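Each chain, written out:
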Amino acid sequence: MGEVVFKRPESLTNKPFHFCPGCHHGIAHRIVAQVIDELGIREDTIGIAPVGCAVFLYDYFNLDVSESPHGRAPAVATGIKRCMPDKVVFCYQGDGEITAIGTAEIVHAANRGENFTVIYINNAVYGMTGGQMAPTTIVGQKASTCPYGRDPQNSGYPIRMS
Ligand SMILES: Cc1ncc(C[n+]2csc(CCOP(=O)(O)OP(=O)(O)O)c2C)c(N)n1
Ligand code: SF4
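(A) Looking closely at the overall build of the protein chain. If you tally the helices and strands in the protein chain, you get 6 helices and 6 strands. Moving toward the C terminus, one meets the helices and strands of the protein chain in the order α-β-α-β-α-β-α-α-β-β-β-α. Principal-axis analysis of the C-alpha atoms places the extent of the protein chain at approximately 60 × 45 × 20 Å. Within the span of the protein chain, comprising 162 residues, buried residues form 40% of the whole. Counting contacts in the protein chain only where the partners sit at least 6 residues apart, residues at least 24 apart contribute 54% of the total.

Okay, structure coming up:
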């Protein structure tokens, strides 16, 4: 019998991803799932799904997941973690969530010292709604709302966030 060297992580379901070919979300989902598998915490982990292209996270991860309004995942995670402190809680959020519409939530969760993990996926645009310029769009980068590239004279410089 041959040794299995590559397989789908147990923390992912068998549902095929809907993402565009080459999208980073599928790769990031897999890495997060592999880490959960390696740590052996699948049954004790609760994910918080964002609004954005990763919204269907609740179909792809084979664990308990709560959906949250756009940008508000850290507020939902705060409630869940405080009610169930023994659980491992993580948010998975895009740059539109963390660096724009939900900036207040992530800053105040950090300021309060909440004890959960945030996976931040920065693709430098609002993906789901059509590739509009985000605060993280880099100078000169074309987006659907800046077809000639981001101009710092009009839009300022990108927010420096990891
Ligand atoms: C309160 C609110 N404002 C705006 C929207 C519209 N909206 C849906 S997804 C999205 C952008 C998501 O971008 P990002 O968080 O970067 O995720 P990506 O799709 O790029 O993975 C926006 C603005 C919404 N659903 N709710
Ligand atoms: S629009 Fe962008 S973030 Fe959304 S699925 Fe396609 S490549 Fe991925």
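(B) Focus on unusual backbone geometry. One non-glycine residue with positive phi stands out, namely Ala-124, at about 70°. Following the sequence through the fold, Ala-124 ends up in the loop between strand S4 (117-121) and strand S5 (125-126). On the basis of relative accessible area, Ala-124 is assigned to the buried category, the value being 12%.

(C) Layout of the pattern of salt bridges. According to the stated counting rule, one finds 6 salt bridges in the structure shown. Taking the shortest distance from any N to any O, the salt bridge between Lys-87 and Asp-44 comes out at 3.5 Å. Of this pair, Lys-87 sits in the loop between helix H3 (73-83) and strand S3 (88-94) while Asp-44 is found in the loop between helix H1 (24-39) and strand S1 (45-49), placing the two residues 43 residues apart along the sequence. Residue classification places Lys-87 among the partly exposed residues on the basis of a relative accessible area of 24%. The exposure class of Asp-44 is partly exposed, given its relative accessible area of 39%.

(D) Layout of the domain arrangement of the protein chain. Assigned domains within the protein chain: domain 1 (7-123) and domain 2 (126-162). Placing a centre on the C-alpha atoms of domain 1 and another on those of domain 2 gives a separation of 24 Å. The interface of domain 1 with domain 2 comprises 12 residues on the first partner and 9 residues on the second. Together, Cys-53, Thr-99 and Tyr-120 form the three largest contributors to the area buried by domain 1 at its contact with domain 2, with a combined 41%. At the surface where domain 1 touches domain 2, the tally comes to 0 salt bridges.

Rules behind the numbers
Residues numbered from 1 in each chain as written. Chains lettered and ligands numbered in written order. Predicted model: local features only at pLDDT ≥ 70, side-chain atom pairs only at ≥ 80, totals over all residues. Heavy atoms only, no water. Helix = DSSP H or I, 4+ residues; strand = E, 2+ residues; numbered from the N terminus. Buried < 20%, exposed > 50% of the residue type's maximum accessible area, 1.4 Å probe, protein only. Contact = heavy atoms within 4.5 Å. Salt bridge = Lys/Arg side-chain N within 4 Å of Asp/Glu carboxyl O. Domains from an automatic or database assignment. Buried area = accessible area lost by both parts, 1.4 Å probe.

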